[in-house]
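# Structural overview
Here is what each chain is made of, one letter per residue.
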Amino acid sequence: MCNYYLAVDIGASSGRHIIGWVQDHVMKVREIYRFSNGMESVNGRLCWNTDRLFEEITAGMRECKKQGIIPRTMGIDTWAVDYVLLDKQGRRLGESVGYRDGRTKGMDTRVYGIISPEDLYARTGIQRQTFNTIYQLMADRCQQGKRLEQADGLLMIPDYFHYLLTGKKRQEYTNATTTQLVDARTGTWDEELIGMLGYPKHLFGALSMPGTVVGSLRGEIRRQVGFDCKVVLPATHDTASAVMAVPSNQEHVLYISSGTWSLMGTERPYADCGPESRGANFTNEGGYEHRYRYLKNIMGLWMIQSVKKEWEAEGERYSFGEICERASRERIASIVDCNDSCFLAPDSMCRAVADFCNAGGQQVPRTRWEMAAVIYNSLAACYGACVKELEQLTGISYDRIHIVGGGANADYLNRLTANATGRTVYAGPAEATAIGNLAAQMIKGGEYASLADARESIFRSFEIKTYHSKNNH
């Protein structure tokens, strides 16, 4: 009888419960439950409804029981940078404000009044993004100082859900690195930096690595869901889990974790915290077994998701596949900078794209399909520029790009990416984040001997499509 493992993968727009098991050294997966997610306005702030999300987590677990599938272990991954503050009784202090909220405006200036951007990068290796935890905590300190003073604990979003399941507080390494408060050399909290910024040091405890057993389910949760299992830490940052599912053991590989964000980079054994890397705005996020995910954040499919939502509000509904296919017929040449802050959280993405084109003297998209084509072509152009930067910074020539995550299904974008980068593109698996989550649990459970063993199995277990470039590099 096989062992089942449960990955709960929660993204910015949806979450899913994926059951996995190993059969003849092939990983099998099955979706059990799916639910929606999104930030909600609470007292003028964009917040995550963590109570509802936890209800969805337990509802999916009940569905496992209903289907007679009892996991041996489970683990949760989510997006990065957002957190929950706890009081001395372990209760949540206020809401969990989301990274797209505007409260961090000007907080980078306050941080840089204490430590320069150059020194901050030299310590942490994390790229400047105004929504990083370091700036969110400064917003807490400046705008809600009493809440920060009252806090007895800080947990990133997946750590908080693991705590609700087990009653055990663990701060997981890969997600912690995205706070911009972890020392890139030691892989531990930078206590000196935390003290300089005036953040309470007791909020930052020992970091735990993926594969750590958090504990068993609390009695109340066992009664709710109808079974008990161990909670095992995956790489709780969804990108760190997705990178674990890159189906290659080649030494020098580029990847794009393609979803709401596009995270493009490579794995390295050490961090590059030098001035050239900082100038190019690359980041050194923590990965499995203390690997470094050397990558750049690109706005990603958020732009397509946003225009799709606008069209739905106008009464027009299209699948992502249809949008991709219709966009592929267009010949508009306009390109926008997907990393421009104007695309982070605009009132209208369609208007933001049109305004950017107009300001640059480019053709303004006139139809929905021209709009989609501009976005897809712009993403591919960003990928092409990123490859050149990576090769210059690392001194390594890369001949292939692995696209994992939901964007692996975007056939038109994959073809554009192959041509814009001059590299062969391997697309898949689409459920990379959940698969990487499962891989960490399965390695801990003895199903695989190592990450290399798991990746070899992933390559054989899931469909990988190949796209050859028309433009050799």
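Residues numbered from 1 in each chain as written. Predicted model: local features only at pLDDT ≥ 70, side-chain atom pairs only at ≥ 80, totals over all residues. Heavy atoms only, no water.

Within the open sheet, the 3 strands sit side by side as E4-E5-E8. Their pairing is antiparallel. Two strands close off the open sheet at either side, each with one partner strand: strand E4 (40-42) and strand E8 (96-97). Relative to E8, strand E5 (residues 45-48) runs antiparallel, the two sharing 2 bridges. Paired with Trp 48 across the strands is Ser 96, a residue of E8. (Pairing = 2+ DSSP bridges. Helix = DSSP H or I, 4+ residues; strand = E, 2+ residues; numbered from the N terminus.)

Time to look at the pattern of salt bridges. Pairing of side chains with opposite charge becomes possible as their charged atoms draw close. In this structure the tally under the stated criterion is 32 salt bridges. Ionic pairing is found between Glu 447 and Arg 72, a salt bridge with its closest N-O pair at 3.9 Å. Here Glu 447, found in the loop between helix H17 (432-444) and helix H18 (451-461), pairs with Arg 72, found in the loop between helix H1 (50-66) and strand E6 (73-77); they are 375 residues apart in sequence, far enough to count as distant. Owing to a relative accessible area of 22%, Glu 447 belongs among the partly exposed residues under this scheme. Here Glu 456 makes a salt bridge to Arg 460, at a shortest N to O gap of 2.6 Å. Placement of both Glu 456 and Arg 460 in helix H18 is noted, with a separation of 4 residues, approximately one turn of the helix. Accessibility expressed as a relative area gives 40% for Arg 460, which makes it partly exposed. Taken together, the shared-partner salt bridges in this structure form one network comprising Glu 267, Glu 289, Arg 291 and Arg 455. (Salt bridge = Lys/Arg side-chain N within 4 Å of Asp/Glu carboxyl O. Buried < 20%, exposed > 50% of the residue type's maximum accessible area, 1.4 Å probe, protein only.)

This next bit is on the environment of Gln 392. Relative to the assigned elements, Gln 392 resides in helix H15 (residues 368-394). Gln 392 gets classed as exposed once you look at its relative accessible area, which sits at 70%. Put simply, Gln 392 and Glu 276 are 116 residues apart on the chain and 9.8 Å apart in space, counted from C-alpha to C-alpha.

A few words on helix H14 (residues 349-359). Listed as buried for H14 are Met 349, Cys 350, Ala 352, Val 353, Ala 354 and Cys 357. Where H14 is buried, its residues contact helix H12 (302-313) and H15. Directly beyond the C-terminal end of H14, a positive phi value near 70° is found at Gly 361. (Contact = heavy atoms within 4.5 Å.)

Once that is clear, we can look at the state of the cysteines. Scanning the model with the defined rule gives 0 disulfides in all. No disulfide involves Cys 64; its sulfur sits 8.8 Å from that of Cys 229, the nearest cysteine. A relative accessible area of 0% means that Cys 64 is categorised as buried. (Disulfide = S-S within 2.5 Å.)

Turning our eyes to something else, we now look at the packing of aromatic side chains. Scanning the entire structure with this criterion turns up 16 aromatic pairs. For the pair Phe 131 and Trp 261, a centre-to-centre distance of 5.7 Å together with 55° between the ring planes defines the contact as tilted. Taken together, the residues Phe 131 in the loop between helix H3 (117-124) and helix H4 (133-143) and Trp 261 in the loop between strand E14 (254-258) and strand E15 (262-268) connect sequence positions 130 residues apart. With 6.1 Å between their ring centres and 90° between their planes, Trp 311 and Tyr 318 make a pair best called edge-to-face. Across this residue pair, the class does not change: Trp 311 and Tyr 318 are buried. Ring-pair connections join several aromatic residues into one group, and the members of that group are Trp 48, Trp 79, Tyr 99, Phe 131 and Trp 261. The ring centre of Tyr 163 lies 5.7 Å from the NZ or CZ of Lys 169, which sits over that ring. One cation-aromatic arrangement involves Lys 308 over Phe 320; the distance from NZ or CZ to the ring centre is 4.8 Å. (Phe/Tyr/Trp six-rings, centres within 6.5 Å; stacked < 30°, edge-to-face > 60°. Lys NZ or Arg CZ within 6 Å of the ring centre and 35° of its normal.)

Position of Arg 16 among the secondary structure elements: in strand E2 (residues 14-23). The exposure class assigned to Arg 16 is buried, which follows from its relative accessible area of 10%. A distance of 2.6 Å separates polar atoms of two side chains, one belonging to Arg 16 and the other to Asp 9. A distance of 2.7 Å separates polar atoms of two side chains, one belonging to Arg 16 and the other to Ser 14. (Polar contact = N/O pair within 3.5 Å; in protein donor to acceptor, adjacent residues only side chain to side chain.)

What UniProt calls "domain: Carbohydrate kinase FGGY C-terminal" (unreviewed entry) maps, in this numbering, to residues 254-443. From the first C-alpha to the last, residues 254-443 spans 24 Å; its make-up is 45% helix and 17% strand. (UniProt positions renumbered as here; feature names shortened; annotations may be inferred.)

Take the domain arrangement of the protein next. By a widespread convention, an interface's size corresponds to the accessible area lost as its parts come together. The domain architecture assigned to the protein consists of domain 1 (2-231) and domain 2 (247-426). One C-alpha centre belongs to domain 1, the other to domain 2; they are set 25 Å apart. Each side of the interface is counted separately: domain 1 has 21 residues, and domain 2 has 25 residues. In this assembly, domain 1 packs against domain 2 so that about 2,000 Å² is buried in total across both faces, 52% of it on carbon and sulfur atoms. In this structure, the connection of domain 1 to domain 2 is made through 1 salt bridge. Of the charged contacts in the structure, one is a salt bridge between Arg 278 and Glu 118, with a shortest N-O distance of 3.5 Å. Taken together, domain 1 and domain 2 are joined by 14 residue pairs in polar contact (both at pLDDT 80 or more). Those elements that place two or more of their residues in the side of domain 1 that touches domain 2 are H3 and helix H7 (173-177). (Domains from an automatic or database assignment. Buried area = accessible area lost by both parts, 1.4 Å probe.)

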